[in-house]
Amino acid sequence: MSGPADIFDPRALAARRRRALALGAETFLLERVAEDLADRLAAVKRDFAVAADLGTPADSVRRALAGAPMIGRLLAFGPAERADVAAVIDAEALPFAPASLDLVVSGLALQTVNDLPGVLAQIRRALRPDGLLLAALFGSGTLAELREAFAIAESDTLGGISPRVAPFADLRDLGGLMQRAGLALPVTDVDRVVVRYGDPLSLLHDLRRMGAANPLTDRTRVPLLRKTLVRAFEVYAERFSDPDGRLRATFEICWISGWAPHESQQKPLRPGSAKMRLADALKVPEGKPGEG
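Residues numbered from 1 in each chain as written. Predicted model: local features only at pLDDT ≥ 70, side-chain atom pairs only at ≥ 80, totals over all residues. Heavy atoms only, no water.

**Concerning the pairing of strand 5 (residues 127-138)**
What counts is decided by this rule: Note on classification: 1.4 Å probe, protein chains only; a residue is buried when its accessible area is under 20% of the maximum for its type, exposed when over 50%, partly exposed between these limits. The helix count covers DSSP runs of H or I at least four residues long, the strand count covers runs of E at least two residues long, and both are numbered beginning at the N terminus. Strands were regarded as paired on the criterion that DSSP finds at least two bridges between them. Assignment of crossover handedness uses the view with strands pointing away from the viewer, where a clockwise path from the first strand over the helix to the second indicates a right-handed crossover.
The element strand 5 is largely enclosed, with a buried count of 10 among its 12 residues. One ladder, built from 6 bridges, connects strand 4 (residues 101-107) with strand 5; its direction is parallel. Note on strand 5: the bridge partner recorded for Leu-101 is Leu-127. In this fold, the crossover linking strand 4 to strand 5 by way of helix 4 (residues 116-126) has right-handed handedness. By the bridge criterion, 7 bridges tie strand 5 to strand 7 (residues 247-259) in an arrangement that is antiparallel. Across the sheet, the residue bridging to Phe-138 is Ile-253, located in strand 7.

Structure (structure tokens):
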């Protein structure tokens, strides 16, 4: 049986991360995620002796959680481009021993793994009973404007389209993926961030500094033609500009959380075990069929 398709090119991802570091990383979305993650953890009334920050591109999450009273040790694991990690890892093949972690957090990293269901299953195995996964990753609505502008531009100038913006997981699918991985009580929600730019080049520059330029395995290797780029900028301005002329760029940040199963967790009722009839619960008056 063949494994999952390599949607993302690991070598391209590494090159994008190195270039982002050389240019000076843009971290405003990571800072937002880190602050939100700290707030979400603060609402969880339990302690985590050993925690892992999995693949977060910078130290934003660790700084946000520094001194958090519920966390004992927080160790960072990530790619070789990160000089500040406890260990260099391959996100597709996690090195954690079974039941060795109480908490796994991740900020804007898991969206570029090729086998997200497999990675979630590995995280589940690494969590101790009642351990928590809390992560943020880009969702399918991210950069929808840029994707549409390039698709129209390539169709107009080249007569076809090529993948220019990475496809990310849909929020509706993430809960199912967590259940499939064996995580209990899965919760998903989304934070849609609309950033405004003076021109499309500023957006593309930010994407390079985020390490988020096109990492797709099936990306075209042919240099982008000037006429196609000009047309993409025209479409972007025509369709996605505000009255003041500034351009909108959407980043869909999907939040996922799930727990390693434990006997103390709330369980769904067995069929037929309800103590109250549905009609009583809904306060429906008695009556014959067709009455009311």
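**Some thoughts on the sheet that holds strand 5**
Hydrogen bonds between backbone atoms are what pair the strands of a sheet, whose relative direction is either parallel or antiparallel. Spelled out, the test is: Two residues form a contact once any of their heavy atoms are found within 4.5 Å. Axis angles are defined between N-to-C directions and span 0 to 180 degrees, where every axis is a line fitted to C-alpha atoms and, for a helix, only to the segment in contact.
Read from one edge of the open sheet, 7 strands run 3-2-1-4-5-7-6, paired in mixed fashion. Either end of the sheet is taken by a strand with one partner, and the two such strands are strand 3 (87-88) and strand 6 (184-197). Contacts between helix 6 (residues 171-180) and the sheet are confined to strand 5, strand 6 and strand 7, with strand 6 contributing the most and set at about 150° to the helix.

**Comments concerning the side chain of Glu-154**
Inspection of the secondary structure assignment puts Glu-154 in helix 5 (residues 144-158). Setting aside residues no more than four positions away along its own chain, Glu-154 makes contact with Gly-159, Gly-160, Ile-161, Ser-162, Arg-164 and Thr-228.

**Describing the packing of aromatic side chains**
Each pair of aromatic rings is reported with the distance of its centres and the angle of its planes. Short version of the rule: Only the six-membered ring of Trp is used, alongside the rings of Phe and Tyr, when aromatic pairs are assigned; centres must lie within 6.5 Å, and planes under 30 degrees apart are stacked while those over 60 apart are edge-to-face, with the rest tilted.
Applying the stated criterion across every chain yields a total of 5 aromatic pairs. Ring centres of Phe-138 and Phe-251 lie 6.1 Å apart, and the angle between their planes is 40°; on these two criteria the pair is classed as tilted. With a gap of 113 residues between them, Phe-138 in strand 5 and Phe-251 in strand 7 connect regions that are remote in the sequence. For the pair shown, Phe-138 and Phe-251 are each scored as buried. When the centroid spacing of 5.6 Å and the interplanar angle of 75° are considered together, the rings of Tyr-236 and Phe-240 count as edge-to-face. Comparing Tyr-236 with Phe-240 shows no difference in burial state: the two are buried. The structure contains a cluster of three or more aromatic residues connected by ring pairs, namely Phe-8, Phe-138, Phe-168 and Phe-251.

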